[in-house]
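# Notes for the structure review
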Amino acid sequence: MEVFAPFRILSRIPDAATAQGVQLVKRALIAGGEEAAQEAASGFAQNLIAKGVYKPEQELIEGLGEQAAYDG
């Protein structure tokens, strides 16, 4: 029952505005995904340096999920 009110409100919005809103959300998701991937790659490189230079027990994927989630 709670879903009917938002759907009723959304049905009153013109189709052009809805399409524009969908495009905006789509662009935001794409940009967020790119930022998450960039942060994960940066974290991987940092872990690789740590493992090779000063922390041999460093796991290469340690913390990548959290870093990607925060930045994404």
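See the structure shown above.
In what follows, the accompanying structure is described. The model shown is predicted, which means the values in this text are computed figures rather than measured ones.

### Quick look at the overall build of the protein
Looking only at helices and strands, the protein features 3 helices and 0 strands. Reading the secondary structure of the protein in the N-to-C direction produces α-α-α. A compact globule built from 72 residues would reach a C-alpha radius of gyration of about 11 Å, whereas the protein, at 20 Å, exceeds it by more than 25%. Each principal axis of the C-alpha atoms in the protein carries an extent, and together these give about 60 × 25 × 10 Å. Residues classed as buried in the protein amount to 11% of the 72 residues present. For the protein, the accessible surface area stands at approximately 6,000 Å², while carbon and sulfur atoms represent 64% of it. Averaging the coordinates of the 6 positive side-chain charges in the protein and doing the same for the 10 negative ones gives two points 11 Å apart.

### Quick notes on helix α2 (residues 15-53)
For α2, with 39 residues, the first-to-last C-alpha span of 57 Å sits near the 57 Å given by 1.5 Å per residue. Next to the buried residues of α2 lie α3 (64-71).

### Brief notes about the environment of R27
Among the structural elements, R27 can be located in helix α2. For the pair R27 and S11, spaced 16 residues apart in the sequence, the C-alpha separation amounts to 23 Å.

### Concerning a nonpolar patch on the surface
On the surface, F7, L10 and I13 cluster together to form a nonpolar patch covering roughly 290 Å² of accessible area. Here L10 lies in helix α1 (residues 4-11).

### Overview of the environment of K51
In this fold, K51 is placed in helix α2. The exposure class assigned to K51 is partly exposed, which follows from its relative accessible area of 37%. Setting aside anything within four residues of it in sequence, one finds K51 in contact with P56, Q58 and L60.

### Examining the environment of Q67
Within the secondary structure, Q67 sits in helix α3. Residue Q67 is classed as partly exposed on the basis of its relative accessible area, which comes to 24%. Considered as a pair, Q67 and V53 are 14 residues apart in the sequence and their alpha carbons are 21 Å apart.

Reading the values: rules and limits
- Residues numbered from 1 in each chain as written.
- Predicted model: local features only at pLDDT ≥ 70, side-chain atom pairs only at ≥ 80, totals over all residues.
- Heavy atoms only, no water.
- Helix = DSSP H or I, 4+ residues; strand = E, 2+ residues; numbered from the N terminus.
- Rg over C-alpha atoms; globule rule 2.2 N^0.38 Å.
- Buried < 20%, exposed > 50% of the residue type's maximum accessible area, 1.4 Å probe, protein only.
- Areas by Shrake-Rupley, 256 points an atom, 1.4 Å probe, with all protein chains shown as cover.
- Lys, Arg positive; Asp, Glu negative; His and termini not counted.
- Charge placed at Lys NZ, Arg CZ, Asp CG, Glu CD.
- Expected span 1.5 Å × (residues − 1).
- Contact = heavy atoms within 4.5 Å.
- Patch = residues over 30% accessible without salt bridge, like charges linked within 9 Å, V, L, I, M, F, W, Y side chains within 5 Å.
- Salt bridge = Lys/Arg side-chain N within 4 Å of Asp/Glu carboxyl O.

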